[in-house]
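Examination of the molecular architecture
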2 protein chains.
Amino acid sequence: MRVGYIGLGIMGRPCVRNLLKAGFEVSVWARRPASIGDLAVTACATPAELAGRVDVLVTNVSDTPDVESVLFGENGVLSGARPGLIVIDMSTIAPLGARRIAAGCAGRGVTFLDSPVSGGEVGAVNGTLSFMVGGEQAAFDKAQPVYQAMGKNIVRIGDSGAGSVAKACNQIVVALNVQAVAEAFKLADACQVDKARVREALLGGFASSRVLDIHGQRMIDDNYVPGFKAKLHQKDMGIVGETARALDTALPATTQVTALIDALVANGDGELDSSAIARLISAA
Amino acid sequence: MRVGYIGLGIMGRPCVRNLLKAGFEVSVWARRPASIGDLAVTACATPAELAGRVDVLVTNVSDTPDVESVLFGENGVLSGARPGLIVIDMSTIAPLGARRIAAGCAGRGVTFLDSPVSGGEVGAVNGTLSFMVGGEQAAFDKAQPVYQAMGKNIVRIGDSGAGSVAKACNQIVVALNVQAVAEAFKLADACQVDKARVREALLGGFASSRVLDIHGQRMIDDNYVPGFKAKLHQKDMGIVGETARALDTALPATTQVTALIDALVANGDGELDSSAIARLISAA
């Protein structure tokens, strides 16, 4: 199986290394050829040329319009793809956009699998990313070796867009769990009680969560080196809000925590881990 | 070590059984003697009489005023206690109340340990309750065998009131984690995506929590048999709000989720598990 990759960023480069390690022949297209560096890959001149060479093409760009441009733009993937091509899109994009893109691909015999991930740079390097996938079961099954080379917990959620929906849900839960811990710790501070002991006790019970464990420690240390940058969480919460509004769905707590992430970024702290909203909460 | 117990309710009775199983001689005072049933304990006529017979006295009543009444009221614990008595209070009470009560006890040579629990009826029956304890280290150490007979994860958080603060933090985090999952699932529903698959995928990543696991399943099943009753969560969130206001501490997300629990109880659903606020969220 020949694999293509577009998007050699902080997540993409380690994914390509893991694909090479798994024995795949990998071709790439890079907007900035310098980003290829020492990767043992074949460089193509355009997304179209790359699409013509591979069976599975992975895209890992930032937002919905970037995916649309690389697929449907001039010299884009669709203009060079052979029927049967499977596109695994690891970007976090809008669920409704994912459905539209999948439909556009299907018209040309290409299967689009929205496949956002969680696990961050560490997960990408270690090949332990969690994949949340939307799209055809047959293509999902066929592409398993490619997913397996890059990740571990690989769940097909449902039809096109369902992977993006699960990722949106993930970002809601993480943001609100951060606020939950931050408000609890604010009360502990007000009562002059040691947050570290509270974290320890709560980890043993019903309030236990990955956010309490990892971000709770960040709050105790007041150390917001990312992690997952606030400006990226902001982008994802934008997708959440856009989707909810398009479907006439009110998400009050989600909306207010989005405002906190917006404020963090507006304050110039977009490069901090998004759990730094705890600073805004404790100062309020 | 002779142990006394006051509060033979749904939590208290299994705790007494576990104390007896651990070999303690247990005496009790019960407002309604019928609640003693078949427990192999010595019944006392008043809290004062009970206090005079034991080294460690466990109280497990509902709210701050109930604790105050049983300790400081006529024929209360303090009127019969010998110096050196240790009171383990398992009720969930106000942190500032716990400090006041501990000071009142200390004046009479009695050590008060605010020791709220999490783990519910199942934890009480299995002897796996988590204890969050505030008060003197020496008394905490001395009472270890009593705690160990009833629970597992036993953490001394700090001085008097600190156990109650940790419990307040626990209730904040649980309530907001419920709302996080409920809003995420609401978005999944709006997108016609299977919540069960979303839950499965999210449990593998950063959004993972006990609430997503246990209450997430309750939401999928729309089954809110308690669990932890909404009316009890409402009482605890009242303590949270009262404490925050007394210390001039704003907890905006906590306040709005408290309003949801209030609405659930006002709707006549106080006997449901408190995670039933998911119904209000999905209907809004």
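Residues numbered from 1 in each chain as written. Chains lettered and ligands numbered in written order. Predicted model: local features only at pLDDT ≥ 70, side-chain atom pairs only at ≥ 80, totals over all residues. Heavy atoms only, no water.

Some details on the overall build of chain A
The criterion, for reference: Helix numbering and strand numbering both begin at the N terminus, where a helix is a DSSP run of H or I of at least 4 residues and a strand a DSSP run of E of at least 2. For a compact globule the rule gives 2.2 Å times the number of residues to the power 0.38, and the radius of gyration it is set against comes from C-alpha atoms. Categorising residues by exposure relies on relative accessible area from a 1.4 Å probe, with only protein chains included: less than 20% of the type maximum marks a residue as buried, more than 50% marks it as exposed, and the intermediate range marks it as partly exposed. Contacts are assigned to residue pairs with any non-hydrogen atoms lying within 4.5 Å of each other. Per-residue and other accessible areas were derived by the Shrake-Rupley procedure at a 1.4 Å probe size, with only the shown protein chains allowed to occlude residues. When charges are counted, Lys and Arg are positive and Asp and Glu negative, with His and the chain ends excluded. A charged residue contributes its charge at one atom only: NZ of Lys, CZ of Arg, CG of Asp or CD of Glu.
Counting its secondary structure elements, chain A contains 14 helices and nine strands. Computed over C-alpha atoms, the radius of gyration of chain A comes to 20 Å, within 12% of the 19 Å expected from 2.2 N^0.38 for 284 residues, which places it in the range of a compact globule. By its C-alpha atoms, chain A is 65 × 45 × 35 Å across when sized along the principal axes. Sorting the 284 residues of chain A into buried and exposed places 58% on the buried side. Here the contacts in chain A between residues at least 6 apart in sequence split such that 66% fall between residues at least 24 apart. For chain A, the accessible area works out to roughly 10600 Å², and carbon and sulfur atoms hold 51% of it. Here chain A contributes 26 positively and 28 negatively charged side chains, and the mean placements of these two sets differ by 4 Å.

A word on the interface of chain B and chain A
Rules: Defined here as a combined quantity, buried area equals the accessible surface (1.4 Å probe) lost by two parts on assembly, summed across both. Any Lys or Arg side-chain nitrogen found within 4 Å of a carboxyl oxygen on Asp or Glu counts as a salt bridge. Whenever two N or O atoms come within 3.5 Å, that pair is a polar contact, provided that in protein one can donate a hydrogen and the other can accept it, and provided that, for residues adjacent in sequence, both atoms are side-chain atoms.
Across the boundary between the two partners, chain B contributes 56 residues, which contact 56 residues of chain A. For the pairing of chain B and chain A, the buried interface totals around 4800 Å² over both sides, and the portion due to carbon and sulfur atoms is 70%. Of all residues in chain B, B:Glu183, B:Leu187 and B:Phe206 give up the largest surface area on contact with chain A, accounting jointly for 16% of the area buried on that side. Remark: the boundary between chain B and chain A carries zero salt bridges. Applying the counting criterion to the chain B and chain A interface returns twelve residue pairs in polar contact (both at pLDDT 80 or more). At the level of secondary structure, the elements contributing two or more residues to the side of chain B that touches chain A comprise strand S8 (129-134), strand S9 (151-158), helix H9 (162-190), helix H10 (195-203), helix H11 (210-221), helix H12 (230-246) and helix H13 (252-269) of chain B. Among the elements that take part in the side of chain B that touches chain A, H9(B) stands out by supplying 20 residues, more than any other.

A look at the UniProt feature "active site" (unreviewed entry) in chain A
Residue and element names in this part refer to chain A. Under the convention used in this document: UniProt positions are given in the numbering used here, feature names are shortened, and annotations may be inferred rather than shown by experiment.
Using the residue numbers shown here, the UniProt feature "active site" (unreviewed entry) corresponds to Lys-167. Locating Lys-167 in the fold gives a position in helix H9 (residues 162-190). Judged by its relative accessible area of 7%, Lys-167 falls in the buried class. With near-sequence residues (within four places) excluded, Lys-167 lies in contact with Thr-92, Pro-116, Val-117, Met-132 and Asp-236. A polar atom in the side chain of Lys-167 sits 2.7 Å from the side chain of Thr-92.

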